[in-house]
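What the coordinates show
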Amino acid sequence: TWTVYVEGINVNGIIVAVSETKNIEVLQNQNTSASFTLDYISDGRGSMDVTIEIPYSESTIDKVVGKITPVTEGLEGMEFTVERSSATKQNDKLCFNKKANLSVGSYRISFKMYDEENNQIGKTLEEVLYIFRDQVSQFSWYWDKDYVPPVAPPIFDLVEGTYFEG
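Residues numbered from 1 in each chain as written. Predicted model: local features only at pLDDT ≥ 70, side-chain atom pairs only at ≥ 80, totals over all residues. Heavy atoms only, no water.

With that out of the way, let us pick up the overall build of the chain. Scanning the chain from N- to C-terminus turns up zero helices and 14 strands. Residues counted as buried form 35% of the 166 residues belonging to the chain. Summed over its atoms, the accessible surface of the chain is roughly 10,300 Å², and 45% of this surface lies on carbon and sulfur atoms. (Helix = DSSP H or I, 4+ residues; strand = E, 2+ residues; numbered from the N terminus. Buried < 20%, exposed > 50% of the residue type's maximum accessible area, 1.4 Å probe, protein only. Areas by Shrake-Rupley, 256 points an atom, 1.4 Å probe, with all protein chains shown as cover.)

Another aspect to go through is the pattern of salt bridges. On inspection of all chains with the given rule, the structure shows three salt bridges. The closest approach of N and O atoms between Asp43 and Arg133, which form a salt bridge, is 3.3 Å. Taken as a pair, Asp43 in the loop between strand E5 (39-40) and strand E6 (45-55) and Arg133 in the loop between strand E12 (120-131) and strand E13 (136-142) lie far apart in primary sequence, 90 residues in all. When the shortest N-O distance is used, the salt bridge between Lys93 and Glu53 registers 3.5 Å. Of this pair, Lys93 sits in strand E10 (residues 93-103) while Glu53 sits in strand E6, and the two are 40 residues apart along the sequence. (Salt bridge = Lys/Arg side-chain N within 4 Å of Asp/Glu carboxyl O.)

This part is about the nonpolar core. Ranked by size, the top nonpolar core spans 26 residues in total, and within it Met48, Ile52, Ile61, Phe96, Ile109, Phe111 and Leu129 carry the most contacts. Breaking this core down by element, the ones donating at least two residues are E6, strand E7 (63-70), strand E8 (78-83), E10, strand E11 (105-114), E12 and E13. Those residues within four positions of Ile52 in sequence are excluded, and the remaining contacts are Val64, Leu94, Cys95, Phe96, Phe111, Met113, Leu125 and Trp141. (Core = buried A, V, L, I, M, F, W, Y, C linked by side-chain atoms within 4.5 Å. Contact = heavy atoms within 4.5 Å.)

With that settled, consider the sheet that holds strand E3 (residues 15-18). Overall, antiparallel pairing links the three strands, which are arranged E2-E3-E5 in an open sheet. Two strands in the sheet have a free side with no partner beyond their single neighbour: strand E2 (7-9) and E5. The sheet contact formed by E2 and E3 spans three bridges and is antiparallel. Following the sheet pairing, Gly8 is matched in E3 by Ala17. (Pairing = 2+ DSSP bridges.)

Another aspect to go through is the packing of aromatic side chains. All told, the structure shown has four aromatic pairs when counted by the stated rule. On the numbers, 6.0 Å between centres and 45° between planes, the contact of Tyr40 with Phe132 is tilted. Taken as a pair, Tyr40 in strand E5 and Phe132 in the loop between E12 and E13 lie far apart in primary sequence, 92 residues in all. With relative accessibility at 59%, the residue Tyr40 sits in the exposed group. Taken together through their ring pairs, the aromatic side chains of Phe80, Phe111, Phe139 and Trp141 make up a single cluster. Over the ring of Tyr114 we find Lys63, and its NZ or CZ is 5.5 Å from the ring centre. (Phe/Tyr/Trp six-rings, centres within 6.5 Å; stacked < 30°, edge-to-face > 60°. Lys NZ or Arg CZ within 6 Å of the ring centre and 35° of its normal.)

Before going further, it helps to spend a moment on the sheet that holds E8. Here we have four strands laid out as an open sheet, ordered E8-E7-E11-E12, and antiparallel in their pairing. Here the strands that pair on one side only, and so sit at the sheet edges, are E8 and E12. Sheet twist, expressed as the average angle between the axes of neighbouring strands with direction ignored, equals 20°. Bridge count between E7 and E8: six bridges; the pairing is antiparallel. Of the residues in E8, the one forming a bridge with Lys63 is Glu83. (Axes fitted to C-alpha atoms, helices over the stretch in contact; angles between N-to-C directions.)

A few words on the environment of Asn91. Summarising the element assignment, Asn91 is placed in the loop between strand E9 (88-90) and E10. Note: C-alpha distance between Asn91 and Pro55 (36 residues apart in sequence) is 9.4 Å.

A few words now on the side chain of Asp115. Within the secondary structure, Asp115 is located in the loop between E11 and E12. Reaching out from Asp115, the side chain makes a polar contact with the backbone nitrogen of Asn119 at a distance of 2.8 Å. The contacts of Asp115, once residues within four sequence positions are left out, are Thr60, Asp62 and Ile121. (Polar contact = N/O pair within 3.5 Å; in protein donor to acceptor, adjacent residues only side chain to side chain.)

What follows is the structure in structure tokens.
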């Protein structure tokens, strides 16, 4: 008898799902089969690192307001604002960045950009955010005023790094 379980590993070698453990009887000169269902690891905490990038020369965006709404039942969401004064310059871009620690699960994340008079610029950007245990989920959007509406596909990837609290 063999005791077997299956782990789901993503492209970065990180375990993101597991199966139940089964005892399987293996007999000589016979085929033995077993079926396993993988479930995403649903306990613990992970981190997000989200960046909205705009051309540094773009002066109309004064702040970015974000809202994280849980899709997975029982999780808490959050809202945040990143002011232009706390954005960082990287080459020719101004980066509005937010890092946060969240419970493992699925979330819907949305962003709105505002000018100095608190008028929304463009449409609301929306995406799905997955948080995995002890991992950093990172993505970014690049906003260009010549692209209307200001929506670009996000670049989303799990990154190797240190899981952070905060």
